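So the chains spell out like this:
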Amino acid sequence: MLPKSLDCIAARVRVRLPRICEKAGENGRIVPSIGYVCGGCVAVAQQQRRDLHEELRAEPLGEMPPNFDTATFDRYALKFSIHFLDALSPENRDRVIGSNPMFVIPEAFSLLIKEQILQHVPDHYMTTVQFEGHDRLFSSGEFRFFKPVPAKVILRALRKSKLIEAE
Ligand SMILES: [Zn+2]
């Protein structure tokens, strides 16, 4: 395993920076988390997002990898958000919109879900990356797991944050 300082550098390298599509020209669009891109890039990204949502919707919520890394945790938080939002009654959906209209967007809601879960994941599993310089324009910081987090740790965190029922 990498020492912590090296892992932080590795984590920074993995950060997806906005890109500029060669075909964007004067008619490009600024898309948060993608960059300045052409209509074709936008269509591809939208289709990939729809495909991922359908894939996650089709998976049982209780299905988890035995161990989580940062990417599988991100994916699980998005799956949790999609299942949670799909299951809301119209009244509860209105309450969610009342607290923050962005939360009906699964990607936005999953940030809240991750924050809730991570409060109950022991510190020795993760590192927090604080961005400096230009990187700060795009992100205020994020976490990385630097060792696999067993599913039981995530399940316990879900229960402690009252996102799932206690046994
Ligand atoms: Zn393009």
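Quick caveat, the model's predicted, so the values are computed rather than measured.

### Structural notes on the environment of Lys 160
As for its position among the elements, Lys 160 is in helix H6 (residues 151–160). For the pair Lys 160 and Gln 119, spaced 41 residues apart in sequence, the C-alpha separation works out to 9.2 Å.

### Topic: the sheet that holds strand E2 (residues 29–31)
Read from one edge of the open sheet, three strands run E1-E3-E2, paired in mixed fashion. Of all the strands in the sheet, just strand E1 (19–20) and E2 have a single pairing partner and so form its edges. Direction of pairing for E2 relative to strand E3 (residues 35–37): antiparallel, over a ladder of three bridges. Bridging across to E3, Val 31 finds its partner in Gly 35.

### Some details on the packing of helix H3 (residues 70–87) against helix H5 (residues 106–118)
Relative orientation of the contacting elements H3 and H5 amounts to 115 degrees, with a least axis distance of 8 Å. Judged by the angle between their axes, H3 and H5 are roughly perpendicular. Like other packed secondary-structure pairs, H3 and H5 cross with a definite hand, here right-handed. Across the interface between the two elements, Ala 77, Leu 78, Phe 80, Ser 81, Ile 82 and Leu 85 from H3 touch Pro 106, Glu 107, Phe 109, Ser 110, Ile 113 and Lys 114 from H5. Here the contact of H3 with H5 is composed, by residue class, of eight nonpolar, two polar and two charged.

### As for the confidence of the model for the protein
On average, residues of the protein score 83 in pLDDT, and 80% of them are at 70 or above. Contacts for the low-pLDDT stretch residues 1–14, under 50 throughout, to residues beyond four places or in other chains number 12 contacts. Considering only residues more than four positions removed or in separate chains, one finds that residues 135–141, a stretch of pLDDT under 50, has nine contacts.

### What about helix H2 (residues 39–58)?
Spanning 20 residues, H2 covers 29 Å between terminal C-alpha atoms, matching the ideal 28 Å at 1.5 Å per step. Burial within H2 is sparse, with just zero of its 20 residues counted as buried.

### A closer look at the nonpolar core
Ranked by size, the top nonpolar core spans 17 residues in total, and within it Phe 68 and Ala 77 carry the most contacts. Contributions of two or more residues to this core are made by H3, H5 and H6. Broken down by element, the residue count for this core peaks at six residues, all from H3. Discounting residues that sit within four places of it in the chain, Ala 77 has contacts with Ser 110, Ile 113 and Lys 114.

Cut-offs used in this document
- Along every chain, residues carry numbers that run from 1 in the direction the sequence is written.
- Totals for whole chains, interfaces and linings use every residue, but because this is a predicted model, local features are given only for residues with pLDDT of at least 70 and side-chain atom pairs only at 80 or more, for both listing and counting.
- Helix numbers and strand numbers start at the N terminus; a helix is a DSSP run of H or I with at least 4 residues, a strand a run of E with at least 2.
- Strands qualify as paired when DSSP identifies two bridges or more between them.
- Comment: axis = line fitted to C-alpha atoms, over the contacting stretch for helices; angle = value between 0 and 180 degrees taken between N-to-C directions.
- These descriptions rest on fixed angle ranges, namely under 35 degrees for roughly parallel, over 145 for roughly antiparallel, 65 to 115 for roughly perpendicular, and the rest for oblique.
- Each crossing is labelled by how the near helix is turned from the far one, with a counterclockwise turn of less than a right angle marking it left-handed and a clockwise turn marking it right-handed.
- Whether two residues are in contact depends on their C-beta atoms, placed from the backbone: they are in contact if these lie within 7 Å.
- Under the grouping applied here, Gly and all other residues not named as nonpolar or charged are polar, the nonpolar ones being Ala, Val, Leu, Ile, Met, Phe, Trp, Tyr, Cys and Pro and the charged ones Asp, Glu, Lys and Arg.
- The quantity known as pLDDT measures the predictor's confidence residue by residue, on a range of 0 to 100.
- Each residue after the first adds 1.5 Å to the expected span of a helix.
- Once C-beta atoms are placed from the backbone, each residue is buried if 20 or more other C-beta atoms lie within 10 Å of its own, exposed if 12 or fewer, and partly exposed for counts between those two.
- Nonpolar core, as used here: buried Ala, Val, Leu, Ile, Met, Phe, Trp, Tyr and Cys residues forming one set through C-beta atoms within 7 Å.

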